[in-house]
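# Examining the three-dimensional arrangement
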Amino acid sequence: TMILLTVDANQKTVKLTSFMRDLYVEIPGYKNNRLNAAYRFGGPELLFETLKENFGIEVDQYVTVNFTMMADLVNQIGGLELDVESDYIRDRINAVIKMDNKALGIDIDTDLLSSSRVQTLNGKQVQAFARWRTGSSDFERTQRQRNVFASIVNKFKSSDIGTINNVLYNTLNLIQTNMSRNYILSLAGQSLTYLNYDMHELRIPGDGQYESTYVNIGGYRAAVLVPDREACSESLVQFVFGDADEYEAAQNAD
């Protein structure tokens, strides 16, 4: 999962940009491959180089978390209210939960969802909500992941700074980042301001900005998204550095 978070203090907005993992891109020093391979080959530094090479965007900082940490954070804040839109989605979520329960060596029916509706999910359920994928549903999955992020932000909006700092101290050792501890704490001190900024979203590639095809990667036939790099770069730069409200209005008009 790759989400670029932009805090725009001038426009008072928080911008989330999802990069599809199957984007077929040029990875500096390696052959063309899926975007998520850049992190595997060279960590966040190579991922930064790859994003700059293909989409003209420079990333300053990173935070790496795993799904277990996310589940722990969700439990600390009392769960998240999310929309399980259909019985099909409920069943897919439950399939992931059963797989996780089996790996944990507990009853596979623990924490299963009983219905499809807007409801409060615990950490394990949110983890499954963000993870499941069938067929080409990575488009929908990236949307669900942004929904989870937005729901976490909304939960913290009603929290006080003491609660936020408590969660931060409990999770700080579970993340990897190039930000200093003091810098993170300074951001936490401003969090109640940032949390109330308007939130906007983008997906790269956008509709009409890619071609779905198959290529040979490491001897295997792999499904990829070949991006229109110029169109993606233009959308990304306009979204990140421009006015998000104007950008979204223009996209909806199109």
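Summary of the structure given here. (Residues numbered from 1 in each chain as written. Predicted model: local features only at pLDDT ≥ 70, side-chain atom pairs only at ≥ 80, totals over all residues. Heavy atoms only, no water.)

### Side note on the overall build of the protein
- What the protein contains, in helices and strands, is 10 helices and 11 strands.
- The C-alpha radius of gyration of the protein comes to 19 Å, within 12% of the 18 Å expected for a compact globule of 254 residues.
- Burial analysis of the protein (254 residues in total) assigns 44% to the buried set.
- Carbon and sulfur atoms make up 47% of the accessible area of the protein, which amounts to about 13,700 Å² in all.
- When the 24 basic and 33 acidic side-chain charges of the protein are each reduced to a single mean position, those positions are 8 Å apart. (Helix = DSSP H or I, 4+ residues; strand = E, 2+ residues; numbered from the N terminus. Rg over C-alpha atoms; globule rule 2.2 N^0.38 Å. Buried < 20%, exposed > 50% of the residue type's maximum accessible area, 1.4 Å probe, protein only. Areas by Shrake-Rupley, 256 points an atom, 1.4 Å probe, with all protein chains shown as cover. Lys, Arg positive; Asp, Glu negative; His and termini not counted. Charge placed at Lys NZ, Arg CZ, Asp CG, Glu CD.)

### Describing the sheet that holds strand 9 (residues 198-204)
- Pairing is mixed in the open sheet, where three strands are placed in the order 1-2-9. The sheet is open, and its two edges are formed by strand 1 (2-8) and strand 9, each paired on a single side. Neighbour to neighbour, the strand axes of the sheet diverge by 20° on average, direction disregarded.
- Two elements, strand 1 and strand 2 (residues 13-19), share seven bridges in a ladder whose sense is antiparallel. Residue pairing in the sheet places Ile3 in a bridge with Ser18 of strand 2.
- Against the sheet, helix 9 (residues 229-241) engages strand 1, strand 2 and strand 9, with an angle of about 160° to strand 2. (Pairing = 2+ DSSP bridges. Axes fitted to C-alpha atoms, helices over the stretch in contact; angles between N-to-C directions. Contact = heavy atoms within 4.5 Å.)

### Observations concerning the packing of aromatic side chains
- By the definition in use, this model includes six aromatic pairs.
- Seen in terms of ring centroids, Phe19 and Phe55 are 6.0 Å apart; in terms of plane orientation they differ by 35°. Their pairing is tilted. Placement of the pair is Phe19 in strand 2 and Phe55 in helix 1 (residues 36-55), with a sequence separation of 36 residues. The pair formed by Phe19 and Phe55 is uniform in burial state, with each residue classed as buried.
- A ring pair is formed by Tyr30 and Phe41, whose centres lie 4.5 Å apart and whose planes are at 10°; its orientation type is stacked. Placement of the pair is Tyr30 in the loop between strand 3 (24-25) and strand 4 (33-34) and Phe41 in helix 1, with a sequence separation of 11 residues.
- Tyr30 sits in the partly exposed class, given a relative accessible area of 41%.
- Looking at Phe41, the relative accessible area reads 28%, which means it is partly exposed.
- Over the face of the ring belonging to Phe239 we find Lys15, whose NZ or CZ atom lies 6.0 Å from the ring centre.
- Taking NZ or CZ as reference, Arg221 lies 3.9 Å from the ring centre of Tyr214, over its face. (Phe/Tyr/Trp six-rings, centres within 6.5 Å; stacked < 30°, edge-to-face > 60°. Lys NZ or Arg CZ within 6 Å of the ring centre and 35° of its normal.)

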